[in-house]
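# Residue-level structure breakdown
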Amino acid sequence: MSRPPNYEFQEWWNKQREHNHQFFTNETTNPTNELLTVQITNPLPDRTADKDRSRSARQLSWVCLLRFQQLANSLASIASASLLLLRTANRRIFSPDSSSDYSASRLYRVIKFFLFLVILLLCVELLAFFKGWHFSPPSVAEAEAAVELVYAKWLEIRADFLAPPLQSLANVCIVLFLVQSVDRVVLILGCFWIKFRKLKPMAAMEYPAGRVEGENVEDYPMVLVQIPMCNEREVYQQSIAAVCIMDWPKERMLVQVLDDSDDVDVQLLIKAEVQKWQHRGVHILYRHRLIRTGYKAGNLKSAMNCDYVKNYEFVAIFDADFQPAPDFLKKTIPHFKGNDDIALVQTRWAFVNKDENLLTRLQNINLSFHFEVEQQVNGVFINFFGFNGTAGVWRIKALEDCGGWLERTTVEDMDIAVRAHLSGWKFVYLNDVKCLCELPESYEAYKKQQHRWHSGPMQLFRLCFFDILCSKVSMAKKANLIFLFFLLRKLILPFYSFTLFCIILPLTMFLPEAQLPAWVVCYVPGIMSVLNILPAPRSFPFVVPYLLFENTMSVTKFNAMISGLFRFGSSYEWIVTKKSGRSSEADLVAFEKESDTLMEAASLLRSSSDSGLEELSKLEATKKTLKTKRNHLYRKELALAFVLLTASVRSLLSAQGIHFYFLLFQGISFLVVGLDLIGEQVS
C-alpha cells in the first residue's frame, strides 16, 4: 500500500506533539485546552497538492530556461566582442600606419615562426610533464610506447645537435654584454672623476649680462641662428620667440627660419610669426624650399649657400621644439675665443615634459645618462662626441673645411661631427648650459625617432669606414671611432640586447642543456640599470620598468640597425617626430613679457599684425578639431610578448625562479608596449 503524500509531515507532527504534550494534551478542568488538541489523520490523496507540485516543477523549468537563455546571450555577446576585437586588432596591425618596411615585415615573419615553434615545444613539454618524463627521462632503448620513443629521440637531438650551437651563441652574447658593461662602468668612473676634480671647459672671456651702456658691439662676433622645421604646427612659436629675445646685439645676429613644411596652412602661420618679429625690429628671415630634398641636411645646406652667410663667423642651430635661454650665445661663443681649433660647442638638453607620463620618465633616464656621462666624458678627455643636431654652435669655417652638410644619411649631425673630427677639429661640451626641449609623449613617435637614431649610424659607418682608416688622425682616435663609437655603442648594444634576452633566453627554457646563468639574466642587468639611473636620481623608483622597457625597445633598435647596415628602404626615411607643444602657452606668455624691453628699445608697437592674429586664431581653431585619439597595435612586440610568456610557463615547469620572473615581467612589458598602453595615445 502506497504512503500518502503527507506521510513524512504527519510523522514529524506526531513526534512534536508527543514531545510537547504539556502544551497539546492537558486533562485538567480547563475546557479550552481541548481546542488546542489537533488530530491529524491520513486523509485521502488531495489533488490540489498534486497541482501545486506540478506548478512548482513547471516554474522551475521556466527559471532554468530563462537562465540558459541569459547564459546563451552572454556567450553570444562575448563571442561578438571577441570577434570585433580580433577584427579591430587585425585592421590596426596590418594597416599602412603600423606596417613598416620590408625589413620589419621580414623580422615579424621570423618572430611569428619563433612563436609557433615555442608553442609547439611547450605542448611537447606539457605532455612530458604530465607523463612524468621530466623526473625520469625515457631512453630510446627502454621506450615502450611510440610517443615515449619520439620524446626520447627528441631529447637526444636536443642534447647533441641543438643545445651546443645555442650555448655557443649565448656565450658570444655574454662576452659582448660584459664588454659593453665594462664600457659603461668606465664612463661612470670618468664622470665621477670629472665631478671629483671639478673639471669643466673654461672660456677665455665672458660677456656681461644684459645691455651695457657704451659697449662696443664690434666685440660681438656675427652669429647666424638657424631654426629648421617641417610642419611644426604645435611648437614653431616658442622656438622663434625664444631665439628672437636672446641677449645679443640685434645688428650682430640674423635668424633664419628654414621652413620645409608641405602644409600651406602651417607655412602661413610660420610666415605670420616671422613678420610679427620683423615688425619688432628683429633681423629674421623666412625661407621655404620648393624642392625639398635631403630632409634636414638639404635644408641646412640650402641655407648655408646664401651669399650673406660669408659675413658671419658662427652658426647656432635649434630644432623647432627647442627654447634657448636668453644668455645662450653669451655662454657658448666665449669658448671659441682664443681656441681656433674649436669647431663645435654643444650644450645639454633639458626637458619640459619629463614627468608627463611613464614613457617620458624612461626617456629622461636614457638621455640624462647620454649627456651627463657619455657626452661630458668624451668632451673632457678626447674632445670628440656626436653632435646632437641642435642646441649647438658651429664655427662656419669648420663646416666648410669638412665639406658642409651632406644628404647621404638621416643622421647628418653625426656625419658632419665625424668628418670634422677626422679633419682635426675639436669639440667642447657644456654640461651646465641647458636648452629646453620636448620629449616624444607617444610610443609611436618615440619608436620612429629611435628607428632613425639607430639606422642612421649604421648607414654612416658603411660610408665612412674607409675614410676613417685613411685619415691622418692617430690610431687611438681611429680605434675609438670604429670600435667604441660605432661598433660597441651603435651595433653591438642592440644586437646582444635583442638576441640574448628575446631569443636565446626563451630558447634555453625549451633546450635546458644550454643555460644562461642567473647573473646574466638578473644581477648584471640590474647593476647596469642602477648605474644608468645615477645621473637622474629622482628616477630610482623606475629602475625595474626602465630595465624591462630597454629590453622591449631592443626589437625596434635591432630592426633599425639591420635596415641601416644592409640598406633597406626604411633606413633612408625621415619622419618628423610628433610634438605636443605642452610648454607653448606658458612660455609664450613669458616670451611676450621679455620682449617688452626689445620693443621699447626699437620704439615699435607691441601688438602683433592683424594677419598674425588671424593665423593664430586659426591655429587655435585647428587644435580643437583634432581627431579622436586611439591606440595602435604593434605586432612584433605582441608576438614577442607571447613568446616570452610561453617560455615563462615552461620555466615554471622546471621551477627556475629568477628565469620565470624575468620572462613573466618581460613578457608583460612587451604586451603593454604592443597594446600601446605606455605614453600618450596618438591622434
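This is a predicted model, so every value here is computed, not measured.

Right, let's get into the pattern of salt bridges. A side chain with one charge may pair with a side chain of the opposite charge, provided their charged atoms come close. The tally for this structure, following the rule as stated, stands at 24 salt bridges. Here arginine 289 and aspartate 260 are joined by a salt bridge, their closest N and O atoms 2.6 Å apart. Remark: aspartate 260 occurs in the loop between β2 (253-259) and α7 (264-279) and arginine 289 occurs in the loop between β3 (284-288) and α8 (295-304); sequence separation between them is 29 residues. In this pair, the class of arginine 289 matches that of aspartate 260, namely buried. Bridged by salt links that share partners, the residues Glu125, Arg158, Glu513 and Arg650 form one connected network.

This part is about the sheet that holds strand β4 (residues 314-317). Pairing is mixed in the open sheet, where 7 strands are placed in the order β3-β2-β1-β4-β6-β5-β7. The sheet terminates laterally at β3 and β7 (426-437), the two strands that pair on one side only. On average, each strand axis in the sheet is inclined to that of its neighbour by 20°, with strand direction left out of account. As paired elements, β4 and strand β6 (residues 392-395) share 4 bridges and run antiparallel to each other. Opposite valine 315, over in β6, you have tryptophan 394 as the bridge partner. Most of the contacts of α7 go to β3, to which it runs at about 160°, and overall it touches β1 (223-229), β2 and β3.

Quick look at the confidence of the model for the protein now. Here the protein averages 84 in pLDDT, while 80% of its residues score no lower than 70. Segment residues 94-100 is flagged for pLDDT under 50; beyond a separation of four residues in sequence, or across chains, it makes 11 contacts in the model.

Right, let's get into the environment of serine 168. Structurally, the position occupied by serine 168 is in helix α5 (residues 146-197). Considered as a pair, serine 168 and alanine 514 are 346 residues apart in the sequence and their alpha carbons are 8.8 Å apart.

Another point: the pairing of β2. When you tally the buried positions in β2, you get 7 out of 7 residues, the bulk of the element. Alignment of β1 against β2, held across 7 bridges, turns out to be parallel. Following the sheet pairing, leucine 224 is matched in β2 by leucine 254. With helix α6 (residues 236-244) bridging β1 and the parallel β2, this β-α-β connection has right-handed handedness.

Let us now look at the pairing of β6. Burial along β6 is two-sided: Gly392 and Trp394 and Val393 and Arg395, pointing in opposite directions, are all buried. The pairing of strand β5 (residues 342-351) with β6 spans 3 bridges and is antiparallel. Among the inter-strand pairings, glutamine 346 is bridged to a residue of β6, identified as glycine 392.

A few words on the packing of aromatic side chains. For any pair of aromatic rings, the description consists of the separation of the ring centres together with the inter-plane angle of the planes. Applying the stated criterion across every chain yields a total of 29 aromatic pairs. Judged by centre distance (5.3 Å) and plane angle (75°), the rings of phenylalanine 465 and phenylalanine 466 are edge-to-face. Residue phenylalanine 465 is classed as partly exposed on the basis of its relative accessible area of 26%. The cationic tip of arginine 280 hangs over the ring face of tryptophan 277; the distance from NZ or CZ to the ring centre is 4.6 Å. Above the ring of tyrosine 108, the side-chain terminus of arginine 635 is found at 4.4 Å from the ring centroid.

Before going further, it helps to spend a moment on the UniProt feature "transmembrane region" (unreviewed entry) in the protein. The residues that UniProt annotates with the feature "transmembrane region" (unreviewed entry) are residues 110-130, 169-194, 481-510 and 658-678. Along residues 169-194, the helical share is 100% and the strand share 0%, with 38 Å between the first and last C-alpha atoms. For residues 658-678, the end-to-end C-alpha separation is 25 Å, with 81% helix and 0% strand making up the annotated structure.

Quick notes on the rules
Residues numbered from 1 in each chain as written. Predicted model: local features only at pLDDT ≥ 70, side-chain atom pairs only at ≥ 80, totals over all residues. Heavy atoms only, no water. Salt bridge = Lys/Arg side-chain N within 4 Å of Asp/Glu carboxyl O. Helix = DSSP H or I, 4+ residues; strand = E, 2+ residues; numbered from the N terminus. Buried < 20%, exposed > 50% of the residue type's maximum accessible area, 1.4 Å probe, protein only. Pairing = 2+ DSSP bridges. Axes fitted to C-alpha atoms, helices over the stretch in contact; angles between N-to-C directions. Contact = heavy atoms within 4.5 Å. pLDDT = per-residue confidence, 0-100. Right-handed = clockwise from strand over helix to strand, strands pointing away. Phe/Tyr/Trp six-rings, centres within 6.5 Å; stacked < 30°, edge-to-face > 60°. Lys NZ or Arg CZ within 6 Å of the ring centre and 35° of its normal. UniProt positions renumbered as here; feature names shortened; annotations may be inferred.

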